[in-house]
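A closer look at the structure
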Number of protein chains: 6
Amino acid sequence: MSKIAVFPGSFDPITTGHESIIRRSLPLFDKIIVAIGVNSTKEGFFPTEKRKQWIEKIFTGVKNIEVKTYKGLTIDFCKQEKANYILRGLRTSADFEFERVIAQMNRSMNDKIETVFILSTPELSAINSTVVRDIIRNNGDASQFVPSAIRKEVK
Amino acid sequence: MSKIAVFPGSFDPITTGHESIIRRSLPLFDKIIVAIGVNSTKEGFFPTEKRKQWIEKIFTGVKNIEVKTYKGLTIDFCKQEKANYILRGLRTSADFEFERVIAQMNRSMNDKIETVFILSTPELSAINSTVVRDIIRNNGDASQFVPSAIRKEVK
Amino acid sequence: MSKIAVFPGSFDPITTGHESIIRRSLPLFDKIIVAIGVNSTKEGFFPTEKRKQWIEKIFTGVKNIEVKTYKGLTIDFCKQEKANYILRGLRTSADFEFERVIAQMNRSMNDKIETVFILSTPELSAINSTVVRDIIRNNGDASQFVPSAIRKEVK
Amino acid sequence: MSKIAVFPGSFDPITTGHESIIRRSLPLFDKIIVAIGVNSTKEGFFPTEKRKQWIEKIFTGVKNIEVKTYKGLTIDFCKQEKANYILRGLRTSADFEFERVIAQMNRSMNDKIETVFILSTPELSAINSTVVRDIIRNNGDASQFVPSAIRKEVK
Amino acid sequence: MSKIAVFPGSFDPITTGHESIIRRSLPLFDKIIVAIGVNSTKEGFFPTEKRKQWIEKIFTGVKNIEVKTYKGLTIDFCKQEKANYILRGLRTSADFEFERVIAQMNRSMNDKIETVFILSTPELSAINSTVVRDIIRNNGDASQFVPSAIRKEVK
Amino acid sequence: MSKIAVFPGSFDPITTGHESIIRRSLPLFDKIIVAIGVNSTKEGFFPTEKRKQWIEKIFTGVKNIEVKTYKGLTIDFCKQEKANYILRGLRTSADFEFERVIAQMNRSMNDKIETVFILSTPELSAINSTVVRDIIRNNGDASQFVPSAIRKEVK
């Protein structure tokens with residue numbers, strides 16, 4: 001059975017932290033689906049289509065990566081995509097507590113899908129999309145926190 | 001002096017986690033008041049009256065339980081009800097940090113009222129009302145996370 | 001059924017933190033057994049008999065408190081004493097993580113015995129027997145961290 | 001080079017916890033700028049001008065303290081004020097996790113500015129502006145949680 | 001390149017928690033090496049050979065599992081075995097903090113080896129070898145905490 | 001009053017993490033005393049004299065640094081050295097919980113001495129002396145984790 005992982009998130013915008021998790025996890029799976037969760041009631045900071053294009057641009061030429069958007073529960077999306085793994089990065093123990101709740105609820109609803117974690121590298125462990133948006137909103141320079149391929153566009 | 005505990009929350013909706021905490025704590029107190037905090041500025045997901053009916057249904061025939069709604073500070077409600085204990089469940093260390101702040105502030109304002117904690121059982125420790133609402137909102141099946149007595153109604 | 005709680009520890013020595021937990025929990029139970037766990041392979045800093053006498057002195061005239069020593073598992077001691085509760089104080093989230101493991105293991109072995117927690121008061125939350133012993137070992141004055149009744153003796 | 005620290009926050013309202021951090025840190029710096037961050041999209045509970053007056057009143061006659069408001073990124077404000085330190089208080093490990101992210105992001109953007117932390121004193125460690133506002137909103141008495149100089153005004 | 005993971009530990013003794021992590025991770029790797037770290041200066045509770053036999057017995061007939069003992073650094077053992085992954089289970093945020101330090105140090109020494117984490121299932125999250133040994137030492141019944149295949153032997 | 005800080009530790013051996021904390025804190029104080037705590041009952045991995053020489057070598061030519069050894073309580077040593085600050089680095093929330101206990105106990109015994117914290121930089125946050133000793137014990141190469149000035153000597 002092929003090993004397909006969903007890497008879910010809002011990627012609003014994708015950060016160097018996300019990029020690192022994806023690249024480092026690629027050898028472990030046959031395919032990684034970067035899955036942009038779309039919330040029907042809350043609009044994002046950047047348009048969904050823009051976020052998708054940025055991720056596609058970053059991984060241009062990288063096989064085994066797909067970028068998709070989805071609505072609804074992550075486990076339902078996994079099932080639809082025949083993915084048996086959810087991939088998540090861990091930065092802090094606050095992350096861990098949050099992720100544990102989500103992973104256990106997912107497991108209660110579908111124990112065929114396993115959540116796999118890898119650690120953020122230390123120098124990227126403070127980076128998150130919320131802070132990146134906050135810097136941009138305040139006219140700061142957040143370019144070092146987003147992947148080099150899209151650095152000129154995210155502002 | 002009789003031992004009366006208030007178990008405060010929004011119960012939007014009540015989960016199997018809440019139910020377990022209440023049932024396991026019953027022998028410790030003469031009465032437990034399940035107290036639904038009503039926020040005058042923020043409406044809940046389910047109507048207050050519905051939440052109250054569900055809890056009453058779950059504990060039908062169980063003596064020593066009352067279900068009430070209240071506005072304002074929890075310690076003021078305790079005083080009004082002559083309750084000398086606040087009962088809380090603990091799931092994670094994030095819970096603990098949050099509960100400690102609330103309990104210490106309450107103690108500063110009224111040191112006659114003691115907060116008593118019991119642990120969620122492991123298999124219920126990931127369940128919380130926020131995730132339950134999120135599943136329902138996304139048309140998922142959350143029935144296993146709410147008490148069996150109301151499983152057919154909460155959706 | 002009467003409510004009997006075991007408050008287990010090494011009490012080497014008992015601190016003002018322990019004393020506060022016991023006094024605040026007294027109204028909740030019909031009897032609290034302060035239970036000094038004796039480790040057959042590791043000797044304590046103070047002799048077991050001394051530790052027991054100190055606790056007895058502190059609670060002289062207080063009804064509903066017994067001081068005992070025990071060997072073996074805490075849940076076996078509870079069963080022997082017909083205690084249905086284990087009482088523990090919580091100071092920090094590190095405490096919480098540790099206590100959760102113990103409480104869940106105990107529950108797996110005997111689900112008739114419930115562990116009940118109350119919070120240390122903030123000004124006592126840093127006090128623990130290890131640091132007290134360390135101060136004494138270094139000829140410091142630890143008297144403010146032990147109950148007033150035994151302040152002159154513990155050094 | 002003189003040691004100038006910025007103590008940033010929303011101070012909505014300033015608490016006894018904030019006051020304690022500032023007073024205890026004064027000997028360490030040549031000047032502390034209490035900096036009220038103004039969010040252009042989200043109004044506060046108390047008007048910015050009121051919050052500023054309260055802080056000025058509390059520190060009347062105390063040299064080496066300035067109270068200012070600022071918009072935009074904290075590190076940009078620091079640069080403008082020639083401040084080389086950001087001062088922060090730590091209450092809980094949840095605080096720590098949050099502060100670490102902010103401090104590391106700030107450091108990535110400007111490694112000339114160092115963040116310095118001191119601990120809240122235990123008896124003040126549960127106090128935060130959110131809970132204070134919550135008490136006021138519910139007609140409770142929060143006066144013990146705000147500095148004595150402004151106790152009669154904050155309600 | 002084949003995906004080989006080392007699952008290092010002292011397994012003194014192996015618990016149902018360990019067993020669950022291994023079984024759930026099997027589909028992710030081509031081979032898992034259960035690696036018993038041998039400390040030359042500190043003897044274990046059970047003899048190394050016994051611990052190895054127990055693990056072999058549990059996984060009798062399961063392909064893709066090897067049980068080995070090793071001395072020295074885990075990353076040196078990985079290199080020797082041509083393993084590119086270290087597998088670890090996560091139970092609590094205390095676990096997480098500990099594992100992060102180890103994983104980052106390993107990464108600093110050899111960034112070809114990635115540490116992959118999966119979560120313990122909730123009902124097993126309190127089980128650890130230290131507590132199991134403690135129960136056995138106190139003549140308690142720890143059989144429910146060790147894999148069924150060896151339940152009669154571990155005591 | 002001059003600002004003198006004690007930076008206490010066992011420095012067995014000093015790491016790049018320690019070195020970074022000291023260098024970054026130098027501008028904040030008039031003098032930093034790197035204070036090697038000597039435990040009369042427990043010998044270190046490296047001899048005290050060696051540890052002291054290494055630190056002196058690293059900071060050769062750096063004004064405002066002194067290296068001393070001390071026995072007994074840190075606050076007694078501070079008083080003797082007329083130091084009004086204790087300097088500590090924070091890496092993780094586990095660190096924070098530990099340091100808070102120590103700092104609060106110190107404050108209870110002498111409220112003239114303030115503990116000041118700065119954060120480890122992310123890429124150094126996993127480094128600690130225990131792991132360094134463990135690598136050396138297992139014949140690994142720990143040189144990247146100790147300051148460059150002593151890299152050839154620590155093994």
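See the structure shown above.
Cut-offs applied
- Residues numbered from 1 in each chain as written.
- Chains lettered and ligands numbered in written order.
- Predicted model: local features only at pLDDT ≥ 70, side-chain atom pairs only at ≥ 80, totals over all residues.
- Heavy atoms only, no water.
- Contact = heavy atoms within 4.5 Å.
- Buried area = accessible area lost by both parts, 1.4 Å probe.
- Salt bridge = Lys/Arg side-chain N within 4 Å of Asp/Glu carboxyl O.
- Polar contact = N/O pair within 3.5 Å; in protein donor to acceptor, adjacent residues only side chain to side chain.
- Helix = DSSP H or I, 4+ residues; strand = E, 2+ residues; numbered from the N terminus.
- Nonpolar A, V, L, I, M, F, W, Y, C, P; charged D, E, K, R; others polar.
- Buried < 20%, exposed > 50% of the residue type's maximum accessible area, 1.4 Å probe, protein only.
- Lys, Arg positive; Asp, Glu negative; His and termini not counted.
- Least-squares fit on C-alpha atoms with pLDDT ≥ 70 in both.
- Axes fitted to C-alpha atoms, helices over the stretch in contact; angles between N-to-C directions.
- Parallel < 35°, antiparallel > 145°, perpendicular 65-115°, else oblique.
- Left-handed = near helix turned anticlockwise from the far one by under 90°.
- Phe/Tyr/Trp six-rings, centres within 6.5 Å; stacked < 30°, edge-to-face > 60°.
- Pairing = 2+ DSSP bridges.
- Right-handed = clockwise from strand over helix to strand, strands pointing away.

**Quick look at the interface of chain E and chain A**
Taken together, the contact pairs 26 residues of chain E with 26 residues of chain A. For the chain E and chain A pair, buried surface summed over both sides reaches about 2,300 Å², with 61% attributable to carbon and sulfur atoms. The largest per-residue losses of area from chain E upon contact with chain A belong to Leu28, Phe96 and Leu119 of chain E, which jointly make up 25% of the total buried on that side. Our count for the contact surface shared by chain E and chain A stands at two salt bridges. Measuring nitrogen to oxygen at the nearest pair gives 2.5 Å for the salt bridge that ties Glu114 of chain A to Arg24 of chain E. Here chain E is connected to chain A by nine residue pairs in polar contact (both at pLDDT 80 or more). For the side of chain E that touches chain A, the element with the most residues is helix α4 (residues 93-109) of chain E, which contributes seven residues. For the side of chain E that touches chain A, the per-class residue count stands at 12 nonpolar, six polar and eight charged.

**Section: the side chain of Lys3 of chain B**
Positionally, Lys3 of chain B belongs in the segment before β1 (4-9). The buried charged residue Lys3 of chain B lacks any salt bridge partner; its closest oppositely charged side chain belongs to Asp30 of chain C, at an N-O distance of 4.3 Å. A polar contact is formed between the side chain of Lys3 of chain B and the backbone oxygen of Leu28 of chain C, at a distance of 3.3 Å. Other than its neighbours up to four places away in sequence, Lys3 of chain B contacts Leu28, Phe29, Asp30, Lys31, Asn84 and Tyr85 of chain B together with Lys3, Pro27, Leu28, Phe29 and Asp30 of chain C.

**Focus: the relation of the copies chain E and chain A**
Rotating chain E by 180° and moving it 0.0 Å along the rotation axis overlays it on chain A with an RMSD of 0.0 Å. On this basis, the relationship between the two copies can be described by a two-fold rotation axis. Interface overlap between copies is the fraction of interface residues in one copy that are interface residues in the other; for chain E against chain A it reaches 100%, indicating a shared surface.

**Concerning the packing of helix α4 (residues 93-109) of chain D against helix α4 (residues 93-109) of chain F**
At a minimum axis separation of 9 Å, α4 of chain D and α4 of chain F run at an interaxial angle of 130°. As summarised for this structure, α4 of chain D and α4 of chain F are arranged oblique, according to the angle between their axes. Between α4 of chain D and α4 of chain F lies a crossing whose hand is right-handed. Every residue of α4 of chain F that contacts α4 of chain D at Ser93, Phe96 and Glu97 of chain D is listed here: Ser93, Phe96 and Glu97 of chain F. A per-class count over the contact of α4 of chain D with α4 of chain F returns two nonpolar, two polar and two charged.

**Section: the packing of aromatic side chains**
The way to describe two aromatic rings as a pair is by their centre distance and the angle between their planes. For the structure on display, the rule yields 33 aromatic pairs over all chains. Seen in terms of ring centroids, Phe96 of chain D and Phe96 of chain F are 6.0 Å apart; in terms of plane orientation they differ by 10°. Their pairing is stacked. Within this pair, whereas Phe96 of chain D is found in helix α4, its partner Phe96 of chain F is found in helix α4, the two belonging to separate chains. Each of the two residues, Phe96 of chain D as well as Phe96 of chain F, counts as buried. Ring centres of Phe7 of chain E and Phe11 of chain E lie 5.6 Å apart, and the angle between their planes is 55°; this geometry places the pair in the tilted category.

**Considerations on the pairing of strand β1 (residues 4-9) of chain F**
All names here are of chain F. A large share of β1 lies buried, amounting to five of its six residues. Sheet topology places β1 next to strand β2 (residues 31-37); six bridges connect them, and they run parallel. Bridge assignment links Gly9 to a residue of β2, and that residue is Ile36. Note that the unit made of β1, helix α1 (residues 16-25) and β2 has a crossover that is right-handed. Two strands pair when backbone bridges link them, and β1 and strand β4 (residues 85-90) are joined in this way by two bridges, in the parallel orientation. Counterpart to Val6 in the pairing with β4 is Ile86.

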